[in-house]
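Listed here are the chains, written in short residue letters.
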Amino acid sequence: MMHAKSAWTAAAILAGTMVLGVYSASAQEKEVLFGEQCDRTGPTQNVGIFMCPGFQDYISLVNSKGGVEGYKIKVLEIDNEYKVPPAMEAHERFKKEGEMIEALYGTPQTAALTSKLAEDKIVGTSPGFGTAAGADGKRFPYMFPIAATYWSQGAAAVAFAKKQLGDNLSGKKIGYLFYDNPAGKEPIVILEDLAKKEGFELRTFAVPPPGVELGAQVLDITGRFKPDFLITHLFGRAPSVSIKELKGKGYPLSKVISLVWGASEADVRAAGGFAVAEGYNTLQFAGVGEDFPVIKEITEMYKAQGKPAPKEIDTSVYYNRGIVWAAMHVEALRNAIKAEKGGKPTTEDMKNGMEQVKDFSLGGMAPPMQVTPEDHEGGGWIQVWTVKGGKFVKTTDWFQAYRDVIKEHLAEAR
Amino acid sequence: MFHRETGVFKTSYAADMALYPLPIARGTVIALLVLFVVIVPAVFGEYYLSIINLVLISIVGALGLNILVGYTGQISIGHGAFMSVGAYTAANLAVRAGLPFWITLPAGGLMAALVGAVVGIPSLRIKGLYLAIATLAGQLIIEWIINHVPWISGGTQASIQVPRPSLFGHEMKTQGELYFFLLFFALIAIVAALNLVRSRIGRAFVAIRDQDIAAEIIGIDIFRYKLIAFAISSFYAGVCGVLYTYYFGIANYEQFQLGVSIEYLAMIIIGGLGSVLGSILGAAFVSLLPLAIRTVMESVGGLFFAANEMATVVSSMRLVIFGALIIVFLVMEPEGLNRLWRNIRNYFRVWPFSY
């Protein structure tokens, strides 16, 4: 009866440790909880392993400086592995522990939690995830993209192409190379509208998941269509493959602009390094590089603890996005505590607090966002950074593009 | 359960095939019902109910897959897609036609059954790995269609928001209310599966699994029963998809991709192929083990790792331990948790006089 005995032992160990786990959860006075979902082991871990440390480090920095209006912040991170059921479990766990606000991770996860967050009246933030229609604060009161959505990114890419092509797009040809999933297809409606408005010819090239084989599409682009500008919107390994393929076929990378998920140092490194990707343009919704005061403060915080600076800072595109993401939460919390005149805020205060976030810049790292009860996107601000001389160089300052077109679509989506 | 069968003598085939093998089993079933209908919702809070809810949904899906893989011996790695068929059928009916869940739920199941039967047609000619690839093709084709046909998917985002299920005008939206909603359908699924496998159809499935040529010779119409197996199994998968849709309030095909099909296969293999209880145990095991590991890691991990490393350590170690434990359980008992449970039961049946 070996089986029976070992099974009982295993069960006893499991039960014992679960009891331990319950006891370890304790709450303090003057402390608020942020829930943070992440993906460190799933298909989008290449983003998560840099963005979530950025989020955590910024909160640690705020705590080391005394917290927000006397409140310390505790972050509870749960890895949802980019799967939907664990995302629901994570949300319920955060709720049980008394979270103030929840950082969501992943597009299907954001979709699956939309109803639940509204029912529980808890704010969920989803920078770079979720639908573009989520920017409509009247329709989704508890959903906050708080970063340029794919619609705004598509519009910004066209605006950048227009500037590069001499402020006139009529008669020009623009290609759109995209990952064939809902997120990849999302900007197409905006691009089609702008094609009519600006008079350029648009052709789309779909890449089936997982997007590591782009030969045919790139050949089609460089050999047949020969666009004047190319907008790419790819995920995972696909951006680096696209850089390699386009370079190999002789298409000038200075005429390529990538949306935000094909825009990190890791993508460039995987494509063969910064020398290969010279001229590659990227859209960013947070500043790039280590040349910001907040990065210095984080490095110093680690030094004061006798530790080296976190290695994630190297991939500053994602790390900085994590910082800006966390900073938005902190700003919302500050507003919420002020509204309660120093008392403990509620999740409803956090919603109002988030809707008042404006004019914080984090030394230029964050866009000049203006979140309002109608606009949960904060204006759709974008910077373009270009690969030049071994690093990303800022090409444009924060700008918005074609807001009227985006607003029309938001109204239409209702 | 730990029943003593002393003094119970079966004198007819009907008695041998009865749903309750022993008179005391009736009492056990009633006790279990009381546990899950009264005690569980009263004792557990929202968080634990949310976990149980996810397990209940997976039980329905795992039961369906076990009917096909465990009982009929046909493999499918397209069950994630069948779930999405159910999900989108129900979502479209609920949103466009405003139908209530007690119509959309069977409709979603039936549509999935239809699609499943079509995808199952190759099973008449091919077996094993070849059939696995054929059903994989089904998965990819269905995913592609949903992604590219806005009439089904409801637009570029391929997600349709669905109102909460309502009964007599009351919307079920808290985890507690959804628990009863899901428990009801999980119970029906379990009882239906138990009855199916001891019926003529279930016996035919087992005959096909054990030796399809012999089954044909003794008069089982293989063509018909293989398609029935695919249809019933996909019906379960479709219902599972509809339950997910109502639970999350949205139909989104990205949550039913290939990985989900594999995960459900893992559930039934760990739980035990060809067993209803195995499907239930497997679904619970695969859903709960990662949570248990995380809880353990969170409570003891702080002793070994710095705070800022914890997040990486917890999520990576969780995968490693999860994989290792699955191997351990399978090596310990290749026939799954169901067999493990039977071993425990057999041990206690004669305890303390085990000679």
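Parameters and conventions
- Residues numbered from 1 in each chain as written.
- Chains lettered and ligands numbered in written order.
- Predicted model: local features only at pLDDT ≥ 70, side-chain atom pairs only at ≥ 80, totals over all residues.
- Heavy atoms only, no water.
- Helix = DSSP H or I, 4+ residues; strand = E, 2+ residues; numbered from the N terminus.
- Rg over C-alpha atoms; globule rule 2.2 N^0.38 Å.
- Buried < 20%, exposed > 50% of the residue type's maximum accessible area, 1.4 Å probe, protein only.
- Areas by Shrake-Rupley, 256 points an atom, 1.4 Å probe, with all protein chains shown as cover.
- Lys, Arg positive; Asp, Glu negative; His and termini not counted.
- Charge placed at Lys NZ, Arg CZ, Asp CG, Glu CD.
- Axes fitted to C-alpha atoms, helices over the stretch in contact; angles between N-to-C directions.
- Parallel < 35°, antiparallel > 145°, perpendicular 65-115°, else oblique.
- Contact = heavy atoms within 4.5 Å.
- Nonpolar A, V, L, I, M, F, W, Y, C, P; charged D, E, K, R; others polar.
- Buried area = accessible area lost by both parts, 1.4 Å probe.
- Salt bridge = Lys/Arg side-chain N within 4 Å of Asp/Glu carboxyl O.
- Polar contact = N/O pair within 3.5 Å; in protein donor to acceptor, adjacent residues only side chain to side chain.
- Phe/Tyr/Trp six-rings, centres within 6.5 Å; stacked < 30°, edge-to-face > 60°.
- Lys NZ or Arg CZ within 6 Å of the ring centre and 35° of its normal.
- Pairing = 2+ DSSP bridges.
- Expected span 1.5 Å × (residues − 1).
- Right-handed = clockwise from strand over helix to strand, strands pointing away.
- pLDDT = per-residue confidence, 0-100.
- Core = buried A, V, L, I, M, F, W, Y, C linked by side-chain atoms within 4.5 Å.
- Arc of directions from axis to C-beta.

Asker: It is not clear to me how the overall build of chain A should be interpreted in this structure. Could you clarify?
Answerer: Within chain A one finds 14 helices and twelve strands. Relative to the 2.2 N^0.38 estimate, which gives 22 Å for 414 residues, the radius of gyration of chain A is 22 Å and therefore close to what a compact globule would have. Overall size of chain A, expressed as C-alpha extent along the three principal axes, is 70 × 65 × 45 Å. Among the 414 residues that make up chain A, the fraction classed as buried is 61%. When the accessible surface of chain A is totalled, it reaches about 15300 Å², and 55% of it is carbon and sulfur. Counting 47 positive and 50 negative side-chain charges, chain A places the averaged centre of each group 3 Å from the other.

Asker: Please clarify how the packing of helix 3 (residues 46-71) of chain B against helix 12 (residues 258-271) of chain B should be interpreted in this entry.
Answerer: Packed helices, taken two at a time, are described by the angle their axes make and the gap between the axes. All names here are of chain B. Interaxial distance between helix 3 and helix 12 falls to 9 Å at its minimum, and their mutual angle equals 75 degrees. Judged on the interaxial angle alone, helix 12 and helix 3 are roughly perpendicular. The segment helix 3 lies against helix 12, with Ile57, Ser58, Gly61, Ala62, Leu65, Asn66 and Val69 engaging Tyr264, Leu265, Met267 and Ile268. Here the contact of helix 3 with helix 12 is composed, by residue class, of eight nonpolar, three polar and no charged.

Asker: Explain the interface of chain B and chain A to me, please; I cannot follow it from the model alone.
Answerer: Many authors give the size of an interface as the accessible area that is lost as the parts come together. Contact residues are listed per partner, giving 49 residues for chain B and 46 residues for chain A. Buried area between chain B and chain A, summed over both chains or domains, comes out near 4300 Å², and the portion from carbon and sulfur atoms is 60%. When the buried surface of chain B facing chain A is broken down by residue, B:Tyr47, B:Gln157 and B:Phe248 rank first, second and third, together holding 14% of it. Counting every contact that joins chain B to chain A gives five salt bridges. For A:Lys95, the salt bridge identified is with B:Glu46, shortest N-O distance 2.7 Å. Here chain B and chain A share 15 residue pairs in polar contact (both at pLDDT 80 or more) between them. Listing elements by their share of the side of chain B that touches chain A, those giving two or more residues are helix 3, helix 6 (128-148), helix 11 (222-248), strand 4 (250-252), helix 13 (276-300), helix 14 (307-332) and helix 15 (336-349) of chain B. Here the side of chain B that touches chain A is composed, by residue class, of 22 nonpolar, 18 polar and nine charged.

Asker: How should the packing of aromatic side chains be read in this particular structure?
Answerer: Each pair of aromatic rings is reported with the distance of its centres and the angle of its planes. A complete count under the given rule lists 24 aromatic pairs over all chains for this structure. One aromatic cluster is present, formed by A:Tyr105, A:Phe129, A:Trp261, A:Phe285 and A:Tyr318 through successive ring pairs. If you follow A:Lys351 out to its NZ or CZ, it ends over the ring of A:Tyr142, 5.6 Å from the centre. Sitting above the plane of the B:Tyr225 ring, B:Arg224 keeps its charged end 5.3 Å from the centroid.

Asker: I would appreciate a short explanation of the sheet that holds strand 4 (residues 123-125) of chain A in the present structure.
Answerer: Across a sheet, paired strands are connected by hydrogen bonds in the backbone, their directions being either parallel or antiparallel. Residues and elements named next belong to chain A. Taking strand neighbours across the sheet as the criterion, the five strands line up as 2-1-3-4-5 in an open arrangement whose pairing is parallel. Each edge of the open sheet is held by one strand with a lone partner, namely strand 2 (72-79) and strand 5 (143-144). With eight bridges joining them, strand 1 (residues 31-38) and strand 2 adopt parallel strand pairing. Its bridge partner being in strand 2, glutamate 36 is matched across the sheet by glutamate 77. Those strands touched by helix 3 (residues 84-97) are strand 1, strand 2 and strand 3 (99-103), and its axis lies near 175 degrees from that of strand 1.

Asker: What should I look at first to understand the sheet that holds strand 12 (residues 391-394) of chain A in this one?
Answerer: Residues and elements named next belong to chain A. Pairing is mixed in the open sheet, where seven strands are placed in the order 7-6-8-9-10-11-12. Single-partner strands in this sheet number two, and they are strand 7 (201-207) and strand 12. Geometrically, the sheet is characterised by an average inter-axis angle of 25 degrees between neighbouring strands, direction not taken into account. Here seven bridges tie strand 6 (residues 173-179) to strand 7, and the two strands are oriented parallel to one another. The residue of strand 7 that forms the bridge with glycine 175 is arginine 203.

Asker: Explain helix 5 (residues 150-164) of chain A to me, please; I cannot follow it from the model alone.
Answerer: The α-helix winds at 3.6 residues per turn, so residues separated by three or four positions along the chain end up facing the same way. All names here are of chain A. Over its 15 residues, helix 5 extends 21 Å from the first C-alpha to the last, a length consistent with the 21 Å expected when each residue adds 1.5 Å. Across the 15 residues that make up helix 5, a large majority, eleven, are buried. Listed as buried for helix 5 are Tyr150, Trp151, Ser152, Gln153, Gly154, Ala155, Ala156, Ala157, Val158, Phe160 and Ala161. Looking one or two residues beyond helix 5, the residue adopting positive phi is glycine 166, at roughly 80 degrees.

Asker: Got a minute to help me understand the pairing of strand 10 (residues 281-284) of chain A in this structure?
Answerer: In the case of a regular strand, side chains alternate between the two sheet surfaces. Residues and elements named next belong to chain A. The alternating pattern of strand 10 places Asn281 and Leu283 and Thr282 and Gln284 on opposite faces, both of which are buried. Inspection of the sheet shows strand 9 (residues 256-258) paired to strand 10 by two bridges, in the parallel sense. Bridge pairing in strand 10 links isoleucine 257 to asparagine 281. Where the polypeptide runs from strand 9 across helix 10 (residues 265-270) and back to strand 10, its parallel neighbour, the crossover connection is right-handed.

Asker: Even after reading the chapter, I still don't get the pattern of salt bridges, so can you show me in this structure?
Answerer: Oppositely charged side chains are able to pair whenever their charged atoms sit close together. Counted under the stated rule, the structure contains 28 salt bridges over all chains. We note a salt bridge from B:Arg318 to A:Glu81, for which the minimum N-O separation is 3.1 Å. Here A:Glu81 lies in the loop between strand 2 and helix 3 and B:Arg318 lies in helix 14, a pairing that spans two chains. Salt-bridge contacts for A:Lys162 lead to A:Glu198; the nearest nitrogen and oxygen are separated by 3.2 Å. With A:Lys162 in helix 5 and A:Glu198 in helix 7 (residues 188-198), this pair connects stretches of sequence that are 36 residues apart. If you follow the salt bridges from partner to partner, you end up with A:Glu81, A:Lys83, B:Glu263 and B:Arg318 in one network.

Asker: It is not clear to me how the environment of A:Pro187 should be interpreted in this structure. Could you clarify?
Answerer: Residue and element names in this part refer to chain A. Looking at the secondary structure, you find proline 187 in the loop between helix 6 (182-185) and helix 7. A residue is classified by how much of its surface remains accessible, and proline 187, at 0% relative accessible area, is buried. Residues proline 187 and leucine 33, spaced 154 residues apart in sequence, show a C-alpha to C-alpha distance of 35 Å. With sequence-adjacent residues up to four places away left out, proline 187 is seen in contact with Tyr150, Trp151, Gly154, Tyr176, His233 and Leu259.

Asker: Any chance you could explain the side chain of B:Gln175 here in plain terms?
Answerer: With respect to the helices, strands and loops of the structure, B:Gln175 is situated in helix 8 (residues 175-197). Side-chain polar atoms of B:Gln175 contact the side chain of B:Tyr247, separated by 2.9 Å. The contact partners of B:Gln175, leaving out residues within four places of it in the chain, are A:Met88, A:Glu92, A:Lys116, B:Glu46, B:Leu49, B:Ser50, B:Asn53 and B:Tyr247.

Asker: I keep staring at the confidence of the model for chain A and nothing clicks. Help me out?
Answerer: A low pLDDT means the predicted coordinates there should not be read in detail. Looking at chain A, the pLDDT average stands at 88 and 93% of residues meet or exceed 70. Low pLDDT, under 50, characterises residues 18-28 of chain A; the stretch is placed with nine contacts to residues that sit more than four places away or in other chains.

Asker: How should I be thinking about the environment of A:Gly379 in this particular structure?
Answerer: Residue and element names in this part refer to chain A. In this fold, glycine 379 is placed in the loop between helix 13 (347-355) and strand 11 (383-388). On a C-alpha basis, the gap between glycine 379 and glutamate 77 in space is 28 Å, while along the polypeptide they are 302 residues apart. With residues near it in sequence (within four places) discarded, glycine 379 still touches Gln370, Gln400 and Arg403.

Asker: What exactly am I supposed to notice about the nonpolar core here?
Answerer: Of all hydrophobic cores here, the largest spans 123 residues; its most connected members are A:Phe34, A:Tyr58, A:Ile73, A:Val294 and A:Leu362. Ranked by residue count, the leading element in this core is helix 12 (residues 316-339) of chain A, at 14 residues. Excluding anything up to four places from it in sequence, A:Ile73 contacts A:Val32, A:Phe34, A:Ile59, A:Val62, A:Asn63, A:Val68, A:Val330 and A:Leu333. In this structure, B:Val162, B:Ala186, B:Leu243 and B:Ala251 belong to the second largest nonpolar core, which totals 105 residues.

Asker: Help me out: how do you make sense of helix 14 (residues 403-413) of chain A in this one?
Answerer: Residues and elements named next belong to chain A. Of all the residues in helix 14, the buried ones are Arg403, Val405, Ile406, His409 and Leu410. Looking straight down helix 14, one finds that the buried residues subtend no more than 160 degrees of arc, so they occupy a single side. Across from the buried face of helix 14, at angles greater than 90 degrees, the exposed residues are Lys407, Ala411 and Glu412. Looking at the packing, one finds that the buried side of helix 14 touches helix 5 and helix 7.

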